[in-house]
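One-letter residues, chain by chain:
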Amino acid sequence: MSIPLKSFLLSYLCTLPLALLSRKILMADSEALSSLAGDPVAVEALLQAVFGIVVDEAIQKGTSASQKVCEWKEPEELKQLLDLELRGQGESQEQILERCRAVIRYSVKTGHPRFFNQLFSGLDPHALAGRIITESLNTSQYTYEIAPVFVLMEEEVLRKLRALVGWSSGDGIFCPGGSISNMYAVNLARYQRYPDCKQRGLRTLPPLALFTSKECHYSIQKGAAFLGLGTDSVRVVKADERGRMVPEDLERQISMAEAEGAVPFLVSATSGTTVLGAFDPLEAIADVCQRHGLWLHVDAAWGGSVLLSQTHRHLLDGIQRADSVAWNPHKLLAAGLQCSALLLQDTSNLLKRCHGSQASYLFQQDKFYDVELDTGDKVVQCGRRVDCLKLWLMWKAQGSQGLERRIDQAFALAGYLVEEMKTREGFELVMEPEFVNVCFWFVPPSLRGKQDSPDYHKRLSKVAPVLKERMVKEGSMMIGYQPHGTRGNFFRVVVANPALTCADIDFLLNELERLGQDL
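Note that the structure is predicted; figures quoted are calculated from it, not measured. (Residues numbered from 1 in each chain as written. Predicted model: local features only at pLDDT ≥ 70, side-chain atom pairs only at ≥ 80, totals over all residues. Heavy atoms only, no water.)

### Re the overall build of the chain
A tally of helices and strands in the chain yields 17 helices and twelve strands. The C-alpha extent of the chain, read off along each of the three principal axes, is 85 × 60 × 55 Å. Going through the 519 residues of the chain one by one, you find that 48% of them count as buried. Considering only residue pairs separated by 6 or more positions, the chain has 71% of its internal contacts joining residues 24 or more positions apart. When the accessible surface of the chain is totalled, it reaches about 25,300 Å², and 55% of it is carbon and sulfur. Computed over 56 positive and 62 negative side-chain charges, the inter-centroid distance for the chain is 3 Å. (Helix = DSSP H or I, 4+ residues; strand = E, 2+ residues; numbered from the N terminus. Buried < 20%, exposed > 50% of the residue type's maximum accessible area, 1.4 Å probe, protein only. Contact = heavy atoms within 4.5 Å. Areas by Shrake-Rupley, 256 points an atom, 1.4 Å probe, with all protein chains shown as cover. Lys, Arg positive; Asp, Glu negative; His and termini not counted. Charge placed at Lys NZ, Arg CZ, Asp CG, Glu CD.)

### Some words on the domain arrangement of the chain
Annotation of the chain at the domain level lists domain 1 (41-107), domain 2 (140-358 + 367-385) and domain 3 (399-516). Placing a centre on the C-alpha atoms of domain 2 and another on those of domain 3 gives a separation of 31 Å. Contacts between domain 2 and domain 3 engage 26 residues on the former and 24 residues on the latter. Buried area between domain 2 and domain 3, summed over both chains or domains, comes out near 2,100 Å², and the portion from carbon and sulfur atoms is 63%. Summed over the shared surface of domain 2 and domain 3, the result is ten residue pairs in polar contact (both at pLDDT 80 or more). Among the residues making up the side of domain 2 that touches domain 3, the classes are represented as eleven nonpolar, ten polar and five charged. (Domains from an automatic or database assignment. Buried area = accessible area lost by both parts, 1.4 Å probe. Polar contact = N/O pair within 3.5 Å; in protein donor to acceptor, adjacent residues only side chain to side chain. Nonpolar A, V, L, I, M, F, W, Y, C, P; charged D, E, K, R; others polar.)

### Side note on the sheet that holds strand β10 (residues 437-442)
The strand order across the open sheet formed by five strands is β1-β11-β12-β10-β9, and the pairing between neighbours is mixed. In this open sheet, the two edge strands, each paired with only one partner strand, are β1 (115-116) and β9 (427-429). Both β9 and β10 contribute to a ladder of three bridges, which runs antiparallel. Bridging from a neighbouring strand, F427 pairs with F442 of β10. In this fold helix α16 (residues 463-474) packs onto β10, β11 (478-484) and β12 (487-494), with an angle of close to 160 degrees to the strand it touches most, β11. (Pairing = 2+ DSSP bridges. Axes fitted to C-alpha atoms, helices over the stretch in contact; angles between N-to-C directions.)

### So, the environment of F211
Mapping F211 onto the fold places it in strand β3 (residues 208-213). With a relative accessible area of 0%, F211 lands in the buried category. Spatially, the C-alpha atom of F211 lies 9.8 Å from that of A257, the residues being 46 residues apart in sequence.

### What about the pairing of β3?
For β3, the buried fraction is high: six of the six residues fall into the buried class. Along β3, one buried face is formed by L208, L210 and T212 and the opposite face, lined by A209, F211 and S213, is buried too. Of the strand pairs in this sheet, β3 and strand β5 (residues 263-270) are connected by five bridges, and their pairing is parallel. When the bridges of β5 are listed, L208 appears paired with V263. In this structure, β3 lies alongside strand β4 (residues 234-237), joined through four bridges in parallel fashion. Paired with S213 across the strands is V237, a residue of β4. Assessed by its sense of winding, the connection that carries the chain from β3 through helix α10 (residues 219-226) to β4 is right-handed. (Right-handed = clockwise from strand over helix to strand, strands pointing away.)

### So, the environment of F174
Locating F174 in the fold gives a position in strand β2 (residues 171-175). Put simply, F174 and E474 are 300 residues apart on the chain and 38 Å apart in space, counted from C-alpha to C-alpha. In this structure, F174 is in contact with E154, V157, L158, C339, S340, A341, R384, D387, C388 and L391, ignoring residues within four places of it in sequence.

### Describing the environment of P195
The topology assignment puts P195 in the loop between α8 (178-193) and α9 (197-200). Between the C-alpha atoms of P195 and R353, which are 158 residues apart in sequence, the distance is 9.0 Å.

### Notes on the packing of α8 against α10
As a packed pair, α8 and α10 sit with axes 9 Å apart at the nearest point and diverge in direction by 55 degrees. Classified by the angle between their axes, α8 and α10 sit oblique to one another. When you trace α8 past α10, the crossing you get is right-handed. Each of S179, N182 and M183 in α8 lies in contact with α10, whose residues at this interface are S219, I220, K222, G223 and F226. (Parallel < 35°, antiparallel > 145°, perpendicular 65-115°, else oblique. Left-handed = near helix turned anticlockwise from the far one by under 90°.)

### Observations concerning the sheet that holds strand β8 (residues 340-344)
Spatially, β2-β8-β7-β6-β5-β3-β4 is the arrangement adopted by the seven strands of the open sheet, whose pairing is mixed. Across the chains shown, the open sheet's two edge strands, defined by having one partner strand only, are β2 and β4. Put simply, the sheet's adjacent strands are angled 20 degrees from each other on average, direction ignored. Relative to strand β6 (residues 295-300), β5 runs parallel, the two being bridged by five bridges. Along β6, the bridge assignment pairs V267 with L296. Contacts from α8 reach β2, β3, β5, β6, β7 (324-327) and β8, with the element oriented near 155 degrees to β5. Together, β3, β4 and β5 form the strand contacts of α10, whose direction differs from that of β4 by roughly 165 degrees.

### Description of the packing of aromatic side chains
One pass over the full model with this rule turns up ten aromatic pairs. Considering the side-chain rings of Y144 and Y369, the 5.3 Å spacing of their centres and the 55 degrees angle between planes classify their relative orientation as tilted. One end of the pair, Y144, is in the loop between α6 (125-137) and α7 (148-165); the other, Y369, is in the loop between α13 (350-355) and α14 (389-422), and 225 residues separate them in sequence. The buried category is assigned to Y369, whose relative accessible area is 14%. Taken together, the aromatic side chains of F279, W302, F411 and F435 make up a single cluster linked through ring pairs. Taking NZ or CZ as reference, R114 lies 3.9 Å from the ring centre of F507, over its face. (Phe/Tyr/Trp six-rings, centres within 6.5 Å; stacked < 30°, edge-to-face > 60°. Lys NZ or Arg CZ within 6 Å of the ring centre and 35° of its normal.)

### Side note on the UniProt feature "modified residue: N6-(pyridoxal phosphate)lysine" (unreviewed entry) in the chain
UniProt's entry tags K331 with the feature "modified residue: N6-(pyridoxal phosphate)lysine" (unreviewed entry), counted in the numbering of this structure. If we skip the residues at most four places from it in the chain, K331 touches L119, F120, A301 and W302. (UniProt positions renumbered as here; feature names shortened; annotations may be inferred.)

### Some details on unusual backbone geometry
With an omega of -10 degrees, the peptide bond running from L337 to Q338 counts as cis. Within the element layout of this structure, Q338 appears in the loop between β7 and β8. Residue N349 is not a glycine yet carries a positive backbone phi of 65 degrees. Mapping N349 onto the fold places it in the loop between β8 and α13.

Encoded structure:
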């Protein structure tokens, strides 16, 4: 019986000397490798071509009001257009460049002035330059050894952010998003009160209770589940008609939790809620926390950048009394995803004590430099991308004064939008905004003057989804919508893009009227 071919080949390969086998593999691979291998001229040509496509398609066209925000395709059609399958054989440089063009073409242009959909938008060129450098250097920000520039830069940026909060000292770290910042704050507050839980786990803990308003970000609930506290540990505090936490109800909820045998340990307030853009009354909440000895965390992921504005920073009065603050410069400052800082007033190295595990292959204590510069043990991650450069470079270019003007301009344009709505038929504000979230209903011609009809609110709730589909499929603009409590679907325009003008606001209103004229 003949030996099967596969077995024969394996037997043959096993008899070859290792060095000879390695040479054969390398020779075979070199034939299949792209011509870029070992050819710096070809590498440069490819990258120049790619950068040219990025500048033309993603930046110039992607931020031009004369171009579409998106080119909508149904999922199955998009799969075919992108040819997503990964195959054994590589493709030519021309094909790769076409892939790059297709990716950009069919992606949503979040830097577009008609993109009002999320809490982030716009494209800052200096921040983008920082992101390009970050990706090119491809380092991990866990030790000074491999990221010396960025370890020092991160600490300076965090120091500046802490100073704006009102702290002369403290600690902090950049996190992979505001949700993680919020979860870290919960973990730190728990560890500070019960440090044994790091080693012995949940069995050492009594039932715990944390408090936040019904307008909080959903990461508080997720964090409670992820950290093993359970979502039942989250006590939901009432909010007023504008979406702000009611301090009197916070007191009541704390008393109720204690009466039920739970131990209160943290209050999470919000500065800039996701939908209504509300700012919790931090001074009053801090008073409650001080009376009860509770950790005060402020989720300022959205509203933290208002601290740069002398005109509007009063919205965060009392934030300096917090124990921790989450702040996302990738939102209102347009630093680019992702740029999320967790700031602490603590100076006792709580971050490292809570999260550290002293991995000896990374955090050797006998290094030739100050090992306090190795910040990687402050976080749960091992590898950590550099998120400070884009913000630092943008800040260097704009200065604090330029960033302040950016914030003030956003408030001014939000005010312009509100006043323009009041002059037009068919626009009904949910409430007068105090931030740059402008929430409203578009009332189509068929529903105007029919507020007393029994099905009015049900029919009005169906308008926003229809208009959203129309605008997206035309690619003219993108606005988010949502129900909220007892309110039916309404639009939320986020006025954050630094490139926005009054003409863009006028277009938004005109386009809604055009899209909804037959409803």
